[in-house]
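# An overview of the molecular structure
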Amino acid sequence: MSLSFCNNFTGKTPIFRGAGVKKKDIERFKERLEEERRELLRRARQTLQDDMALDLHELSDELDFAASQADQGLILRLRGREKGMLRKINVALQRIEDGEFGVCDRCGEDIALKRLEIRPVTTLCIHCKQEQEEHERMLA
Ligand SMILES: [Zn+2]
């Protein structure tokens, strides 16, 4: 065994990466994320039930039909957003499992605790996030 033992297999970052977020904070984030996931799933079920109720309505004229179309669009958008959020929560929970929570996906630096408090599902530190946003602005 030599010095290579100190690094993980990617050799990208030291073995103690993520040490910036304390274990008790991670537990707290985990609970918060699981709670948020439960809430999302509850809302998704609710939306589904409302959707089924909508199907029971007889569409009498074009005006009603147009309104109904708008509602459907709203539900679809909401679902898309919830689906995206759910995926982010799952990724964050997986990162907790892997011991990678609180580590920037791009540069491997610790993500500031304050930033995680505001947005626990984030996978980028503030610097990389800003760079990414600037990049997206340039593409837009
Ligand atoms: Zn970063």
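First, a word on scope: everything that follows refers to the structure included in this document. Please read all numbers here as calculations on a predicted model, not as lab measurements. (Residues numbered from 1 in each chain as written. Predicted model: local features only at pLDDT ≥ 70, side-chain atom pairs only at ≥ 80, totals over all residues.)

### A look at the environment of T122
Summarising the element assignment, T122 is placed in the loop between α3 (113-118) and α4 (126-139). Sequence-wise, T122 and C104 are 18 residues apart; in three dimensions their C-alpha atoms are separated by 8.6 Å. Excluding residues within four positions of it along the chain, T122 makes contact with I111, R115 and L116. (Helix = DSSP H or I, 4+ residues; strand = E, 2+ residues; numbered from the N terminus. Contact = placed C-beta atoms within 7 Å.)

### Looking at the environment of C125
Assignment of secondary structure puts C125 in the loop between α3 and α4. The buried category is assigned to C125, around which 21 C-beta atoms lie within 10 Å. Through-space distance from the C-alpha of C125 to that of G108 is 8.8 Å; in sequence the pair is 17 residues apart. When residues no more than four places from it in sequence are discounted, the contact partners of C125 are C104, C107, E109 and I111. (Buried ≥ 20, exposed ≤ 12 C-beta atoms within 10 Å, placed from the backbone.)

### Let's talk about α4
Given 3.6 residues to a turn, an α-helix orients residues that are three or four positions apart in the same direction. Over its 14 residues, α4 extends 20 Å from the first C-alpha to the last, a length consistent with the 20 Å expected when each residue adds 1.5 Å. Burial analysis of α4 places just zero of its 14 residues in the buried class, a small minority of the element. (Expected span 1.5 Å × (residues − 1).)

### Section: the nonpolar core
Burial of nonpolar side chains together is a common tendency in soluble globular proteins. F29, L33, A92, I96, F101, V103, C104, I111, L116 and C125 together form the largest nonpolar core, which totals ten residues. Elements with a contribution of two residues or more to this core: α1 (23-56) and α2 (62-97). Residues contacting F29, with those up to four places away along its chain left out, are I96, F101, L116 and P120. (Core = buried A, V, L, I, M, F, W, Y, C linked by C-beta atoms within 7 Å.)

Just distances and angles here, no functional claims.
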